[in-house]
Amino acid sequence: MKPVIDKKRRVSVAPMMDWTDRHCRMFHRHITRHTWFYTEMVTTGALLHGDVPRHLDFNDEEHPVALQLGGSEPADLAKSAKLGEQWGYDEINLNCGCPSERVQKGAFGACLMGEAALVADCVKAMRDAVQIDVTVKHRIGIDDISSYDFVRDFVGTVADAGCHTFIVHARNAILKGLSPKENREIPPLRYEFAYQLKQDFPDLEIIINGGIKTVAEIDTHLAHVDGVMIGREAYHNPYLMSTFDARYYGDAATPKTRAEVAYAMIPYIRAQLEQHGKSEKGGGLKLNSITRHMLGLMAGLPNARAFRQILSDSKKLALGDPDLLLQALARMQPLAA
């Protein structure tokens, strides 16, 4: 049975290509119960002409979880959003922030910020097709367009189409000349733009994203906006999220220890190996497809490097034995005791 979802997106983990897949989200869910998770971006073409179960299947324990879509054709987005709703996602999010040139060739991602009316049409089409929330993740500007008026007008136009929630990556997207990685680092952060959006649109849910790494930073932003989305810090230092349920959702339950999180993943790995088979000659499930997401679990602790080394040992991984986690934990004594 689908759990009751807390609609407050106080904290969330950003959609990250090649990282926030279903195995990563399942691992993160053992650390935090209430934080909102987002899928990797899935294009409308992949859903309408590809393997739908491969792209949309997820675990019930992942809720609350949102499907991020990439596309710019309203009809295709409506069909894809409907698929997402049918598969049980709690939210559909439209990507208007990815700056990669590969995405631009598909006429979606950050370049859509230059076509606010089209984004509004896309949002309306999706809202007409589904009952769940339709949200937009975007930048504050593109290329050398750096005035606040640009993002204010974009949000205003899309809000008129019925979008209530905007996830603001508080940097410009440089569409030519910078890699996606450079686009996350070089354009300056302008958090004040997100703060101003909340002041100008008090009835909208404004979530801030970009360069946020600590609980203190989250607290600072929550004094100005409705929610905070963290990205790579959640991946590289996932146990940071162990405080989120109590701090931001009032859940007094004691979080799992790091060792308990690792132990909890073992039955999941066994079930996945049983379902998909061990990887042999290119088929089945590679153990590394799950354990690679866990490398940061012991970040900041003594022997964390040894923990990572065991989980990255190609010979051990090739055996496909989930007890590899026990071997890694043994290097963390007395943590695993």
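First, a word on scope: everything that follows refers to the structure included in this document. Counting starts from 1 at the beginning of each chain's written sequence and moves along it residue by residue. Thresholds applied to this predicted model are a pLDDT of at least 70 for local features of residues and 80 or more for the giving and counting of side-chain atom pairs; totals over whole chains, interfaces and linings are not thresholded and use all residues. For side-chain calculations, the full set of non-hydrogen atoms in the structure is used, while hydrogens and water are omitted.

Quick look at the packing of aromatic side chains now. Two rings from Phe, Tyr or Trp (for Trp, the six-membered ring) form a pair when their centres are within 6.5 Å of each other. A pair whose planes differ by under 30 degrees is stacked, one over 60 is edge-to-face, and the rest are tilted. One pass over the full model with this rule turns up four aromatic pairs. Ring plane angle 15° and centroid distance 4.2 Å describe the contact between Trp19 and Tyr235, whose orientation is recorded as stacked. Placement of the pair is Trp19 in the loop between β1 (11–13) and α1 (22–29) and Tyr235 in helix α11 (residues 232–236), with a sequence separation of 216 residues. For each residue, the accessible area found with a 1.4 Å probe, counting protein chains only, is set against the maximum for its type, and the residue is called buried under 20%, exposed over 50%, and partly exposed in between. Taking the relative accessible area as the measure of exposure, Tyr235 reaches 8% and is therefore buried. Counting as a charge over the ring demands two things of the Lys NZ or Arg CZ atom: a distance within 6 Å of the ring centre and an angle within 35 degrees of the ring normal. Cation over ring: Arg9 sits above Trp36, and NZ or CZ is 4.7 Å from the ring centre. Going along the chain from the N terminus, every DSSP run of H or I of four or more residues is numbered as a helix, and every run of E of two or more is numbered as a strand.

We now examine the side chain of Ser80. Mapped onto the fold, Ser80 is located in helix α4 (residues 74–86). Judged by its relative accessible area of 0%, Ser80 falls in the buried class. When residues no more than four places from it in sequence are discounted, the contact partners of Ser80 are Thr44, Leu47, Leu48, Leu67 and Leu69. Any two residues having at least one pair of non-hydrogen atoms within 4.5 Å are treated as being in contact.

This part is about helix α7 (residues 148–160). How far a helix is expected to stretch is found by multiplying one less than its residue total by 1.5 Å. Over its 13 residues, α7 runs 18 Å from end to end, which matches the ideal 18 Å to within 8%, given 1.5 Å per residue. Every buried residue belonging to α7 is among Tyr148, Phe150, Val151, Phe154, Val155, Gly156 and Val158, and all of these are buried. Against the buried residues of α7 lie β5 (91–96), α6 (116–129), β6 (133–138), β7 (141–142), β8 (165–169) and α9 (191–200).

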